[in-house]
Amino acid sequence: FAILLFAATVPAALFAQKANVTYMEGTASIKSSAGSLRAADFGSAVTFGESVITGPDGMVEMQLENGSTISVSQNSVFNYSYTGSGADTRPVLGTTVGKISYKLNKAAGRSPLIQGNSMVAGVRGTEFTVFAGRDGSTLLAVTGGIVDVESQGKSVELLKDEAVEVAPGKAPGAKFKWLGKELDFSSWNQGKTDGFLADPVAGITAVEAQLAGYTAALAALKGPYAEATEAWKKASARYKELAAEGDKEATKAYQKETLYPAQDARSVLILNIRYHALNYLSVRRYVVSNMYMEMKSRYPVKQTAEAKAFFARHAALIARYETDIVPELNKNDY
């Protein structure tokens, strides 16, 4: 059903796009949209709805149809998805965990959207690296071209040798000079973990603000989805009446002019609802769960007042997730 909806709402040229594995080392897997895992190998194709997951010794390089390249470092997760509908549909290249480097050629049509746990970015034929920290922070560093980084309604333009860090639930920080030196991701990421442990309540509160944005986006789509569903049901009922009457020309015309547009409108809303729900799931899985394990390993039984406050907020967050997000997911997402 999801594949049929996808095909109905995504332009054929975009639907055909895929990333081909051109080089790899160590352990790496590809997770399908159905939730199954397969080993990554030379020549493997990664399509929309799929993720690339590397182990501690893993590294994967991929090439898009237009020659753009994506390099997924060890202990990282890359997501390949899309957003929008019709002519406004665009690929989404997501860094969920770890370090991923991009060399993007100018694309036909709309350029890809770059996504991290705390920001989105638009690119104009460029080279850059995205770092996703364990506290939900994102750092984006540009080595060529232009990148516009946006979060919480604020944006900053990055040029060559410039970088910016975005904390979860916050606007982009002040951009700074990036002199082309390799960032030690492990040290940067450990710093993010240390910062979280210094004030875990503030850390999970910041992530809650980020997740609230996804929840708000879902809430805004529910009314239009209900209306579109009602319109689709009425159109389907009328189509069945016309088919029963045996007027093939009238049935065909109604199908083209009314039924298909109603189906497409509803399909677009379904896919955008899932887009926000899966973003929420990704942050819960790779950021919130990490925070929980860091705290649980330090306070397995006896807890400080700060730890108790953290676990209380975590429990409330999971309760909201179960109520607001789980109904929009399916078993293959877990």
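See the structure printed just above.
Draft legend 1. Summary view of the environment of Gly144. With respect to the helices and strands, the residue Gly144 is situated in strand S13 (residues 138–144). In this structure Gly144 touches Thr126, Glu127 and Lys160, once residues within four positions along its chain are discounted.

Draft legend 2. Highlighting the environment of Thr83. If you trace the backbone, Thr83 turns up in strand S8 (residues 77–83). By relative accessible area, which is 16% here, Thr83 ends up buried. The sequence separation of Thr83 and Val268 amounts to 185 residues, and the corresponding C-alpha distance is 9.4 Å.

Draft legend 3. Looking closely at the nonpolar core. Counting 36 residues, the largest nonpolar core has Met62, Ile70, Phe78, Tyr102, Phe128, Leu140 and Val149 as its most contacted members. In this structure, Phe196, Ile204, Leu211 and Val288 belong to the second largest nonpolar core, which totals 25 residues.

Draft legend 4. A look at unusual backbone geometry. In this structure, Gln152 is a non-glycine residue whose phi angle is positive, near 55°. Here Gln152 lies in the loop between strand S14 (147–151) and strand S15 (154–158). For Gln152, a relative accessible area of 46% puts it in the partly exposed group. Here the phi dihedral of Asp161 falls at roughly 65°; this positive angle occurs in a residue that is not glycine.

Draft legend 5. Summary view of the packing of aromatic side chains. Summed over the entire model, instances satisfying the criterion amount to eleven aromatic pairs. Each ring, one from Phe310 and one from Phe311, has its centre 5.4 Å from the other, and the planes form 75°; the classification is edge-to-face. In this pair, the class of Phe310 matches that of Phe311, namely buried. An aromatic cluster is defined as three or more aromatic residues linked by ring pairs; in this entry it consists of Phe196, Tyr292, Phe310 and Phe311. Positioned over the ring face of Trp232 is Arg266, at 4.3 Å from the centre of the ring. Sitting over the ring of Phe311, Lys296 keeps its end group 5.4 Å from the ring centre.

Draft legend 6. Expanded view of the pairing of strand S1 (residues 19–25). Across two bridges, the pairing between S1 and strand S4 (residues 45–46) is antiparallel. Bridged to Asn20 within S4 is Ala45. With five bridges joining them, S1 and strand S6 (residues 59–63) adopt antiparallel strand pairing. Of the residues in S6, the one forming a bridge with Val21 is Met62.

Draft legend 7. Focus on the pairing of strand S2 (residues 28–31). Taken together, the four bridges between S2 and strand S5 (residues 50–54) define a ladder with antiparallel strand orientation. The residue of S5 that forms the bridge with Ala28 is Thr54. As judged from the three bridges shared by S2 and strand S3 (residues 37–39), these two strands associate in the antiparallel manner. Across the sheet, the residue bridging to Ile30 is Arg38, located in S3.

Each value, and the rule that gives it
- Residues numbered from 1 in each chain as written.
- Predicted model: local features only at pLDDT ≥ 70, side-chain atom pairs only at ≥ 80, totals over all residues.
- Heavy atoms only, no water.
- Helix = DSSP H or I, 4+ residues; strand = E, 2+ residues; numbered from the N terminus.
- Contact = heavy atoms within 4.5 Å.
- Buried < 20%, exposed > 50% of the residue type's maximum accessible area, 1.4 Å probe, protein only.
- Core = buried A, V, L, I, M, F, W, Y, C linked by side-chain atoms within 4.5 Å.
- Phe/Tyr/Trp six-rings, centres within 6.5 Å; stacked < 30°, edge-to-face > 60°.
- Lys NZ or Arg CZ within 6 Å of the ring centre and 35° of its normal.
- Pairing = 2+ DSSP bridges.

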